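Architecture and fold: a report
For reference, the chains in residue letters:
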Amino acid sequence: MSKSFNRKKSAKIKKKVKILFQSPKGMHDILPNNQPFFLKIRQVGEKIADIYSFSKIDTPILEQKAIFERAVGEATDIVQKQMFATKSRGDDQLVLRPEGTAPIMRAYLQHSLGHLSQPLKLFYEGPMFRYEQPQAGRFRQHYQIGFEIIGTNDPIYDAQIILLATNFLEELKIKKMNIQINSIGCNICRQKYKRRLLAYYENKQNELCADCRKRLSINPLRILDCKNQHCEIFKKDAPIILDNLCPSCKTHFRSVLEYLDEASLTYVLNFHLVRGLDYYNRTVFELFSDEFDFALGGGGRYDYLSQMLGGPKIPAVGVSFGIERLVEVMKIKNIEGITIKKPKVFLIQLGNQAKKKSIKILKELYNAGIKTTEALDKDSLRVQLKVADKNGANFALILGQREVLDDTIILRDMETGAQENIAIDKIIDEIKKRA
Ligand code: AMP
């Protein structure tokens, strides 16, 4: 066969498998090779949750749109531009949840979780959706793992949530982290600060970027968040929120820092850290790793969230991490995900009788909890042994015509190649003996 014929043939095959559908923009399949990282992060999250006595909570992926309008804020990017909205047949305005904290407070109020022992510590894990321009570290569907402490305004819990966050990263072997922290005050001192900020920017409006000009009227604090070079110039002389805190917010923040010092945590005061969501007040923080530009996680206190959702005053504090970003850092740092155990046994069958019998043997192996794999659709010994080798199995069990008649099976050590014939009803014991 000529080379050009072969080339034509393979081009034809390629054409045949033309891909019709792709995952939606900014949303990714998590393929088997990436699962060990996700599993590791979930496992470590569960371990940390258990050590700190957090209980798991799952909320629906769809929520009422109004929850986020009230809690995250009508003027925020998340609500203005980033929500995936849909309508139920009954005309309920629903959205794919963009974040996890507001739904948890909704669940807390709905199920009167205030009756449980307080503060209530809850953790969650799952997909969040934000209609953003996809880029590295920013997706339209991403996964978050988060921890919330609800029912206390004690600053020691702000410190505990930051300590937990650092323990979580350390347990993942992400050691070199940078904690940035700030206080954005309460509703009273923040209003005063906003007025001072507006006065400072009043005659600089024309020199700000278009986004910041908009922010001046809807959410002036976000100007401090802007990374635009022109806007950066003005930030350094802008009034600082910490100088404008009321006495009780000042005392609260000082206590948080003292507790962090007591826990020997190193942090950086970042006067420009405001976090984008309306429900935050007082302590806000973000965690970075040296190798990555984006925040790995962030959080803060949200003492007004319950009231924003129509409940009583229930102070709370929390943190959440972006799982994809953690995976990215783990890869950069050569940190491994969970180790997937290799199969102990590979079952090889030769001939119809053996194939028939193999289903019963597999059942016994599964029942005994012995990790097994096989290639039941293959016939040849050579091919099946090759697959067994590729799978990294410790032993092959070979069932041929003769073994079926004798009620025996061949046990082959895949490393040494040594083989022995054993009675079929002794397989489990013999494999367990060699564990
Ligand atoms: P936020 O609620 O915006 O503070 O997000 C919490 C964490 O989720 C961030 O620190 C990121 O690690 C992660 N995150 C937020 N938005 C995205 C996104 N669009 N794509 C990937 N990760 C994200």
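What you see is a predicted model; the values in this text were computed from it and never measured.

The rules we used
- Residues numbered from 1 in each chain as written.
- Predicted model: local features only at pLDDT ≥ 70, side-chain atom pairs only at ≥ 80, totals over all residues.
- Heavy atoms only, no water.
- Phe/Tyr/Trp six-rings, centres within 6.5 Å; stacked < 30°, edge-to-face > 60°.
- Buried < 20%, exposed > 50% of the residue type's maximum accessible area, 1.4 Å probe, protein only.
- Lys NZ or Arg CZ within 6 Å of the ring centre and 35° of its normal.
- Domains from an automatic or database assignment.
- UniProt positions renumbered as here; feature names shortened; annotations may be inferred.
- Helix = DSSP H or I, 4+ residues; strand = E, 2+ residues; numbered from the N terminus.
- Contact = heavy atoms within 4.5 Å.
- Pairing = 2+ DSSP bridges.
- Axes fitted to C-alpha atoms, helices over the stretch in contact; angles between N-to-C directions.

**Let's talk about the packing of aromatic side chains**
Applying the stated criterion to the full structure yields 10 aromatic pairs. An angle of 85° between the planes, with centres 4.9 Å apart, marks the rings of tyrosine 200 and tyrosine 201 as edge-to-face. Summarising the burial analysis for this pair, tyrosine 200 and tyrosine 201 share the class buried. Look at phenylalanine 292 and phenylalanine 294: their rings are 5.7 Å apart centre to centre, the planes differ by 55°, and that puts the pair in the tilted class. Members of the aromatic cluster, joined through ring pairs, are Phe54, Phe123, Phe147, Phe168 and Phe321. One cation-aromatic arrangement involves arginine 140 over tyrosine 131; the distance from NZ or CZ to the ring centre is 3.9 Å.

**Comments concerning the domain arrangement of the protein chain**
Annotation of the protein chain at the domain level lists domain 1 (35-186 + 246-332) and domain 2 (345-433). Between the C-alpha centres of domain 1 and domain 2 there is a distance of 50 Å.

**Observations concerning the UniProt feature "binding site: L-histidine" (unreviewed entry) in the protein chain**
Mapped onto the present numbering, the UniProt feature "binding site: L-histidine" (unreviewed entry) falls on Glu99, Gly100, Thr101, Arg130, Gln144, Glu148, Arg275, Tyr279 and Tyr280. Examined against the element boundaries, glycine 100 turns out to sit in the loop between strand E4 (93-96) and helix H5 (101-110). Overall, the relative accessible area of 4% leaves glycine 100 in the buried class. Setting aside residues no more than four positions away along its own chain, glycine 100 makes contact with Tyr124 and Met128. Residue position: arginine 275 is located in the loop between strand E8 (267-269) and strand E9 (281-289). Overall, the relative accessible area of 16% leaves arginine 275 in the buried class. The contacts of arginine 275, once residues within four sequence positions are left out, are Arg222, Asp225, Tyr280, Val284, Phe285, Glu286, Gly298 and Gly299.

**A word on the sheet that holds strand E14 (residues 395-399)**
Picture the strands of a sheet paired through backbone hydrogen bonds; they go either parallel or antiparallel. On the basis of which strands lie adjacent, the open sheet formed by five strands has the order E13-E12-E14-E15-E16 and mixed pairing. Each edge of the sheet is formed by a strand with only one pairing partner; in this case those strands are strand E13 (372-374) and strand E16 (419-423). With strand direction ignored, the average angle separating the axes of adjacent strands in the sheet is 30°. In this structure, strand E15 (residues 408-413) lies alongside E16, joined through five bridges in antiparallel fashion. The residue of E16 that forms the bridge with leucine 411 is glutamate 420. Strands in contact with helix H13 (residues 352-367) are strand E12 (345-349), E13, E14 and E15; relative to E12, the strand with the most contacts, it is inclined by about 165°. Strands in contact with helix H14 (residues 381-391) are E12, E13, E14 and E15; relative to E12, the strand with the most contacts, it is inclined by about 170°.

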